[in-house]
Amino acid sequence: MKKGELIVLESGTDASGKATQSDLLYNRLINEKETVLKVEFPNYKSESSSLIKMYLRGEFGEDAESVNPYASSTFFAVDRYATYNLELKQFYEEGGIIIADRYTTSNMIYQSSKFETKEEKDSFLDWLWDLEFNKFALPKPSLVIFLNIPPKISVELLKKRDKKVEGIGKKDIHEKNINYINKTYQNAMYVASKYNWNIINCLKDDGRLKTKEEIHEEVYNIYKNIINRR
Ligand SMILES: Nc1ncnc2c1ncn2[C@@H]1O[C@H](COP(=O)(O)OP(=O)(O)O)[C@@H](O)[C@H]1O
Ligand SMILES: Cc1cn([C@H]2C[C@H](O)[C@@H](COP(=O)(O)OP(=O)(O)O)O2)c(=O)[nH]c1=O
């Protein structure tokens, strides 16, 4: 039987409209009578996110960059392994469509950002690919949609957004560190181009943010073009 599809919504900044766009795409596909399910990573509802919560609270270090990326990326990878195997695998193997708000792609962006040289980054990215997709046998995305929102806009959206997780505070260690935010955004553009992700520029030519609906139309068109061609 043909396996399902895995559609990933990603970005290089926090509070960039991933949840909003996942919801809009999910509702549209439900209206089209598709068999579709939505998931968010980290899976804060699961005990498998315990080490992630410790990390984002700063228990391994208040400065995200001081925490070994090989270690911190495994916290996220193990959470994905648990969530996939306990909640998603059967649905995916029976042909369902999964819409994921973040995935391995976030480890690729946020954790490789901690390395300075291209050689170190690429070596980490190869290791991560092997860990999550080969050793853990997690499915590779059918399609990655990258929402390009510069940090100066997303930090404004972050102020509007409700707190996501109890016990982490309004901002986690990634969100508190403006140097890391800027560096990670630059790094995300490198990673997005390295893996040929589908980039949506969320700003208009005049620098204003596109509406949720305008961005959704672009998300939907990419989805239709790519999935229909397969
Ligand atoms: N295009 C947009 N224009 C204005 N506000 C937006 C837009 N997209 C998202 N928002 C708002 O920004 C905040 C963060 O969006 P959200 O989808 O929760 O982001 P993320 O999942 O990336 O953290 C929310 O309050 C949301 O309603
Ligand atoms: C899923 C995932 C997230 N992250 C990072 C991205 C975020 O900075 C942080 C928490 O994710 P999340 O709560 O989704 O952030 P937000 O909703 O604010 O965008 O963890 C990784 O480093 N690796 C991963 O695999």
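So, a few notes on the structure that sits alongside this text. (Residues numbered from 1 in each chain as written. Chains lettered and ligands numbered in written order. Predicted model: local features only at pLDDT ≥ 70, side-chain atom pairs only at ≥ 80, totals over all residues. Heavy atoms only, no water.)

**So, the sheet that holds strand E2 (residues 36–40)**
For sheets, the rule is that strands pair by backbone hydrogen bonds, running either parallel or antiparallel.
Phase 1: The 5 strands are arranged E2-E3-E1-E4-E5 in an open sheet whose pairing can be described as parallel. Each of the sheet's edge strands pairs with one partner strand only, and the pair in question is E2 and strand E5 (198–201). Between one strand axis and the next, the sheet turns through 20° on average, direction left out of account.
Phase 2: Of the strand pairs in this sheet, E2 and strand E3 (residues 97–101) are connected by 5 bridges, and their pairing is parallel. Within E3, the position partnered with Val 39 by the bridge is Ala 100.
Phase 3: Strands in contact with helix H3 (residues 69–93) are strand E1 (5–11), E2 and E3; relative to E2, the strand with the most contacts, it is inclined by about 160°. (Pairing = 2+ DSSP bridges. Helix = DSSP H or I, 4+ residues; strand = E, 2+ residues; numbered from the N terminus. Axes fitted to C-alpha atoms, helices over the stretch in contact; angles between N-to-C directions. Contact = heavy atoms within 4.5 Å.)

**Thoughts on helix H4 (residues 104–111)**
Phase 1: For H4, the buried fraction is high: 8 of the 8 residues fall into the buried class.
Phase 2: Within the span of H4, buried status applies to Thr 104, Thr 105, Ser 106, Asn 107, Met 108, Ile 109, Tyr 110 and Gln 111. (Buried < 20%, exposed > 50% of the residue type's maximum accessible area, 1.4 Å probe, protein only.)

**Section: helix H8 (residues 178–194)**
Phase 1: Taking 1.5 Å of rise per residue, 17 residues should cover 24 Å, and H8 covers 24 Å from first to last C-alpha, within 8% of that figure.
Phase 2: Along H8, the residues that are buried comprise Tyr 180, Ile 181, Thr 184, Tyr 185, Asn 187, Ala 188, Val 191 and Ala 192.
Phase 3: Packing partners of the buried residues in H8 comprise H4, helix H5 (118–135), strand E4 (143–148), helix H6 (151–160), helix H7 (173–176) and E5.
Phase 4: The N-terminus of H8 is capped by Asn 177, whose side-chain oxygen sits 3.1 Å from the backbone nitrogen of Asn 179.
Phase 5: Just downstream of H8, Asn 196 is the residue with a positive phi angle, here 55°. (Expected span 1.5 Å × (residues − 1). Polar contact = N/O pair within 3.5 Å; in protein donor to acceptor, adjacent residues only side chain to side chain.)

**Some details on the site of ligand 1**
Phase 1: Lining the immediate environment of ligand 1, one finds 15 residues, of which Ser 16, Lys 18, Ala 19, Thr 20 and Arg 161 sit closest.
Phase 2: Between Ala 15 and ligand 1, the recorded distance is 3.4 Å, taken from a backbone N or O atom to an oxygen atom.
Phase 3: A distance of 2.8 Å is found between an oxygen atom of ligand 1 and a backbone nitrogen or oxygen belonging to Ser 16.
Phase 4: In the complex, the protein chains occlude 84% of the 560 Å² of accessible area that ligand 1 would expose alone.
Phase 5: Where the shell around ligand 1 is concerned, the elements lending two or more residues are helix H1 (18–31), H6 and helix H9 (212–229).
Phase 6: If one sorts the elements of the shell around ligand 1 by residue count, H1 sits on top with 3 residues.
Phase 7: In terms of residue class, the shell around ligand 1 is made up of 5 nonpolar, 4 polar and 6 charged. (Near = heavy atom within 4 Å. Areas by Shrake-Rupley, 256 points an atom, 1.4 Å probe, with all protein chains shown as cover. Nonpolar A, V, L, I, M, F, W, Y, C, P; charged D, E, K, R; others polar.)

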